[in-house]
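Residue-level listing of the chains:
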Amino acid sequence: MQIKIIDKKFNQIKADWELIIIKDGNLKHGFVKDTKLLKELGFKGKSEEAIELNEKKKIYIGVKDFSNFELKLAGAALARMLKARQARSAKIALYFDNDFIAGTKGLVYGLLLGTYSFTRYKSKVDKKPGISLAISTENYNNHKVDLRELKAIIQETKVIVDAVNFTRNAVNLTPTDLNPLTFAKMAKELAKTNGLSATVYGKDYLKKNGMGAMLAVSQASQYPPQLIHLKYKGKDPKIKICLVGKGLTYDTGGLSLKPGEGMMTMKMDMGGAGAVIGAMKAVSELKLNIELEAILGAVENAIGKDAYKPDDVLTAKNKKTIEVKNTDAEGRLVLADCLCYAQEQNPDYIVDIATLTGACMVALGEYTSGLMGYNDELKHSLAKAAERGGELAGILPFNKYLEKHLKSEVADISNLSDSKYGGAITAALFLGAFIEDKYKERWAHIDIAGPAYKGKPWGENPFGASGAGVRILVEWIKELV
Ligand code: BES
Ligand code: ZN
Ligand code: ZN
């Protein structure tokens, strides 16, 4: 979909289709010219209720309010309806009460993210014509709109949407097409196009540097582990951030093998690293004034004669020993080493992101990412960033009792909690054990196991990969600079 802003009244713009948003059932508004007909058809204009007036080529859709979230849902539904009708051109006005930025961004996020589809593995693809969408500067409340600000918001939203779609594309690739080696290649290509520096370390580096946890997870795979380190530096940065991503290009569970149904979709287990690389793309294209580094642990958790075993004891980069009780709790092992590596880069903050636990979905539901860490302010700033980006995120609190469940009789820590409850938090507490005291307040963890991938479209997200986390990270970083 191509979006263009037209500084004209809604009625003065020519387009095949007209899109009108109804706020909480209010049909008494200048944009609504079909009140009688809509009433006859039983249209109430409630949230997510849409109606098409075919002969008039109009689509009306309801929202509860002009929040970022509601407008995003409306935008996505409208974009999908246009696509299904093979529309070529359409027009829409602006909808906001006081918060021009939140409303506009919500609508544009929905419109642009809603039409993504992944067709790479289809032998026949119907090429649908592109849609040209005109956005009128006229708005629901007749507020004056600053044209330059509007253009800037839309431009920025487009960049972030491209990054989300970049992540979606990567996560949707098969585990054969996207393995640790091809993932590293993709990262290097992005680095080249976007002027980032890229260094990729293999098995020998990990061995030499004592990264025994990440190495162990990779042992049975035909692909060597790849520690990918990308760097971006703005003009005059005052702050340095390290983003760390779990990059399991496939998670069979290892010898603690996943059952067939649980293994399906585990190509998404690099969704955290995918989100980090997407954020890197957006931040470098927006030329934000920050130093941003991406550290991706790209590994495949396979089975075979070389596989690491439950009962093995591993030594991480910081010399801590880990008793392996379950080889399916592998993400935390890879991240433990990557987090040690990240702390050596001396950033101001470290945020890791991972499809870490099924338990996070049990805790928050399958659409919400979990935010964890020792610093309340940092978690809240990530929660706010999620809201601005139209993602769902909730804070899961740490406590001392849960920490005790990671005790090991044979090593310094166990990779599995001895309680079946609070698995998202105990996984994060495991990561916390690899964060030095001086970094405890400067680290946060995002568990995207739920929203990263779905077997059905939801909101602005398609079947498959959603690109979860990209908007959280970029919106958070934008506030820091
Ligand atoms: N990659 C999975 C977590 C996951 C599950 C992501 C479902 C997305 C959807 C992770 O490596 C894993 O297997 N976690 C185990 C941990 C357990 C063994 C403590 C889990 O969640 O069951
Ligand atoms: Zn696993
Ligand atoms: Zn995993």
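That block above? That's the structure.
Each chain has its residues counted from 1, running along the sequence as written. Whichever chain is written first becomes A and whichever ligand is written first becomes 1, with later ones labelled in order. Note on the predicted model: pLDDT of at least 70 is required for a residue's local features to be given, and 80 or more for side-chain atom pairs to be given and counted; whole-chain, interface and lining totals, by contrast, use all residues. Excluded from the side-chain calculations are hydrogens and water; all other atoms, namely the structure's heavy atoms, are used.

Visitor: Outline the coordination of the zinc ion (ligand 3), supporting the account with residue identities and numerical values.
Guide: Note on donors: an N, O or S atom is included if it sits within 2.8 Å of the metal, or within 3.2 Å for Na, K and Ca, and water is never included, so sites can look incomplete. Taken together, the protein ligands of the zinc ion (ligand 3) are Lys 246 (NZ), Asp 251 (OD), Asp 269 (OD) and Glu 330 (OE), with distances of 2.0 to 2.4 Å. In this structure, the zinc ion (ligand 3) is coordinated by 6 donor atoms arranged in octahedral fashion, with angles at the metal of 77 to 171 degrees. For the zinc ion (ligand 3), the single-chain donor residues occur in sequence as K-x4-D-x17-D-x60-E. Separating the zinc ion (ligand 3) from the zinc ion (ligand 2) is a distance of 3.2 Å, and Asp 251 supplies a donor atom to each of them. Of this pair, Lys 246 sits in strand β9 (residues 240–251) while Asp 269 sits in the loop between α8 (260–263) and α9 (271–285); the two residues are 23 residues apart in sequence, bridging distant segments of the chain. The geometry test gives tetrahedral to four donors whose angles all lie between 85 and 135 degrees, gives square planar to four donors and octahedral to six donors whose opposite members are over 155 degrees apart with all other angles between 65 and 115, and gives irregular to the rest. Each helix is a run of H or I in the DSSP string that is no shorter than four residues. Each strand is a run of E no shorter than two, and both are numbered from the N terminus.

Visitor: Any chance you could break down the packing of aromatic side chains for me, citing the residues and the numbers?
Guide: When two rings of Phe, Tyr or Trp (its six-membered ring) have centres within 6.5 Å they constitute a pair, described as stacked for plane angles under 30 degrees, edge-to-face for angles over 60, and tilted for the intermediate range. Applying the stated criterion to the full structure yields 17 aromatic pairs. An angle of 45 degrees between the planes, with centres 5.1 Å apart, marks the rings of Phe 430 and Phe 434 as tilted. Here Phe 430 and Phe 434 have matching classes, each one buried. A centroid spacing of 6.4 Å and a plane angle of 70 degrees characterise the contact between Tyr 453 and Phe 463, whose relative ring orientation is edge-to-face. With a gap of 10 residues between them, Tyr 453 in strand β18 (residues 453–454) and Phe 463 in the loop between β18 and β19 (464–465) connect regions that are remote in the sequence. Buried means the residue's accessible area, taken with a 1.4 Å probe over protein chains only, is under 20% of the maximum for its type, while exposed means over 50%, and partly exposed covers the values in between. Assessed through its relative accessible area of 10%, Tyr 453 is described here as buried. An aromatic cluster of at least three residues, connected via ring pairs, comprises Phe 10, Phe 31, Phe 66, Tyr 95 and Tyr 140. One cation-aromatic arrangement involves Lys 23 over Phe 66; the distance from NZ or CZ to the ring centre is 4.9 Å. Just above the ring of Phe 10 sits the side chain of Lys 91; from NZ or CZ to the centre is 4.7 Å. By definition here, charges over rings are those cases where NZ of Lys or CZ of Arg is within 6 Å of the ring centre and within 35 degrees of the ring normal.

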